[in-house]
Amino acid sequence: MHLVKTPVFTLVMINRVLIRLKIIQIVYAYYQNGSKNLDAAEKELFFSLSKAYDLYNYLLMLMIALTNYAQKRIDAAKAKLAPTAEELYPNMKFVENKFISQLEVNRQLMDFISNQKRTWENDEDFVKGLFEKIVASDIYKEYMASSESSYEADRELWRKLYKTFIFNNEELDILLEDQSLYWNDDKEIVDTFVLKTIKRFDEKNGANQPLLPEFKDDEDQEFARRLFRRAILNCDYYRHLISENTRNWDLDRVAFMDVVIMQCALAEILSFPNIPVSVSLNEYVDIAKVYSTAKSGSFVNGTLDGIVKELKKEGKLSKN
């Protein structure tokens, strides 16, 4: 799954944004569960990351499932005792979409499908409902009525359909959460990678079109492992820094998620000097805004900024 250095692979599925989010989730659970088994928690971290990659593949499979359902509808209509002329000679443009024809023979996706039991056949009611929404849309109607027949137009159809009907689909979010608790917070991030994958598909690559690799390289895996362990093992020091810079607050009254976010942020700032401090700060402030309380973004930003200034003044942190 490692990155082959070709222009196609400028993007990876599990990037550092997702790694940071997963680490915060696992660190939070580590304290809440009270197990305090670091090795088990680290194993859980990497399993959680692998499940995000499963979701990426599973959402690619959804586009194939929708196409197969459309073909099934056509076949059923033709098999009627007295099919209409339209049912006997249907518009096959959707089911013969060139992008989907390439996706359904993709070697990497086929390998994924052959190694797991989950398929969209178990959720045909959802697929049926989603397909009917697609068929009723102007995007679908305009595509079917167009005389243009090109790979680019076929790929663009699915980019539009995915962005309109699969991205931010609350019903799908609930269905996925029921299938895996690990997918609870993953879909919005994974959706962006599916859209980028669609955009990067190239007809000339055929079945060998590369999907996004799970990790860029060993460096990202090591980043995840090291950041997680530093966040836990240096907990007392990081919480001391947080306490010193929130003297007007009782640390016990600070949202625990805020403490965990700042703990992980400090682990990154102090353990990875090659990452600009401003980048780390922005990443964790953004996470606080989305995953903690309404005021967490400004609180985390102000507290971390104060800690960073103090550490620089004491010479414990570079000026980057």
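Per an unreviewed UniProt entry, the protein is named Putative NusB-like protein, and its organism is Bacteroides stercoris. UniProt, in its Sequence similarities (unreviewed entry) section for the protein, records the words "Belongs to the NusB family."

Student: Now, about the packing of helix α1 (residues 16-33) against helix α13 (residues 256-271): what can you tell me, with residues and values included?
Tutor: It is at 10 Å that the axes of α1 and α13 come closest, and there the two elements cross at 125°. Regarding the angle of α1 to α13, the classification is oblique. The crossing of α1 and α13 is right-handed. Across the interface between the two elements, R20, I23, I24, V27, Y28, Y31 and Q32 of α1 pack against F256, M257, V260, I261, Q263, C264 and E268 of α13. A per-class count over the contact of α1 with α13 returns ten nonpolar, two polar and two charged.

Student: Please give an account of the layout of surface pockets that cites residues and values.
Tutor: The computed volume of the largest pocket comes to approximately 500 Å³. Residue lining of the largest pocket: 19 residues in total, with D185, E188, I189, V290 and Y291 positioned closest to the centre. By residue class, the composition of the lining of the largest pocket is eight nonpolar, three polar and eight charged. Residue assignment places the lining of the largest pocket across two domains, with domain 1 (37-208) and domain 2 (218-313) each supplying three or more.

Student: Can you lay out the nonpolar core for me, pointing to particular residues and giving the numbers?
Tutor: Core analysis: the biggest nonpolar cluster contains 105 residues, and M63, F94 and W120 have the highest contact counts within it. The element contributing the most residues to this core is helix α2 (residues 38-78), with 21 residues. Two domains each donate at least three residues to this core, and these are domain 1 (37-208) and domain 2 (218-313). Excluding its chain neighbours within four sequence positions, the residues that come into contact with W120 are Y58, M61, L62, A65, F126, V127, L172, L175 and L176.

Student: Let's hear about the packing of helix α14 (residues 277-291) against helix α15 (residues 296-313): which residues, and what values?
Tutor: Interaxial distance between α14 and α15 falls to 8 Å at its minimum, and their mutual angle equals 155°. In terms of orientation, α14 and α15 fall into the roughly antiparallel class. Our pair here, α14 against α15, has a crossing hand that is right-handed. Contact residues: V277, L281, V285, A288 and K289 in α14; S296, G297, V300, N301, L304 and V308 in α15.

Student: Summarise the pattern of salt bridges; cite the residues concerned and give the values.
Tutor: As enumerated under the stated definition, the model contains 21 salt bridges in all. D202 serves as the salt-bridge partner of K204, at 2.6 Å between the closest nitrogen and oxygen. Each of the salt bridges in this network shares a partner with another, and the network as a whole consists of D39, E42, E222, R225 and R229.

Reading the values: the criteria
Along each chain, the written sequence defines residue order, and numbers are assigned to residues from 1. Reporting of local features is limited, given that this is a predicted model, to residues whose pLDDT is at least 70; pairs of side-chain atoms are given and counted only at 80 or more, and all residues count toward the totals for whole chains, interfaces and linings. Heavy atoms throughout the structure, all of them, feed into the side-chain values; hydrogens and water do not. UniProt positions are given in the numbering used here, feature names are shortened, and annotations may be inferred rather than shown by experiment. Angles shown run from 0 to 180 degrees and are taken between the N-to-C directions of axes, each axis being a line fitted to C-alpha atoms and, for helices, limited to the stretch in contact. By definition, any uninterrupted DSSP run of H or I lasting at least four residues is a helix, any uninterrupted run of E lasting at least two residues is a strand, and each is numbered from the N terminus. For classification purposes, angles smaller than 35 degrees are called roughly parallel, those larger than 145 roughly antiparallel, those between 65 and 115 roughly perpendicular, and all remaining angles oblique. Crossing handedness is defined as follows: a turn of the near helix away from the far one that is anticlockwise and smaller than a right angle gives a left-handed crossing, while the clockwise case is right-handed. Residue contacts follow a heavy-atom distance rule, with two residues in contact if any of their heavy atoms lie within 4.5 Å. Three residue categories are used. Nonpolar comprises Ala, Val, Leu, Ile, Met, Phe, Trp, Tyr, Cys and Pro, charged comprises Asp, Glu, Lys and Arg, and polar comprises the others, including Gly. Buried and open spaces are told apart on a 1 Å grid over the protein atoms alone, a cavity being a set of points where a 1.4 Å probe fits but cannot get out and a pocket being an open set with protein on both sides within 12 Å along at least five of seven lines. Residues with an atom within 4 Å of a point are the lining residues. Grid points are joined across faces, edges and corners, and a volume is the space filled by probe spheres set on the points. An automatic or database domain assignment provides the domain bounds reported here. Side-chain atoms within 4.5 Å link the members of a nonpolar core, which is a set of buried Ala, Val, Leu, Ile, Met, Phe, Trp, Tyr and Cys residues. Per-residue accessibility, obtained with a 1.4 Å probe over protein chains only, is compared with the maximum for each type, and a residue is labelled buried under 20%, exposed over 50%, and partly exposed between these values. A carboxyl oxygen of Asp or Glu within 4 Å of a side-chain nitrogen of Lys or Arg is what we treat as a salt bridge.

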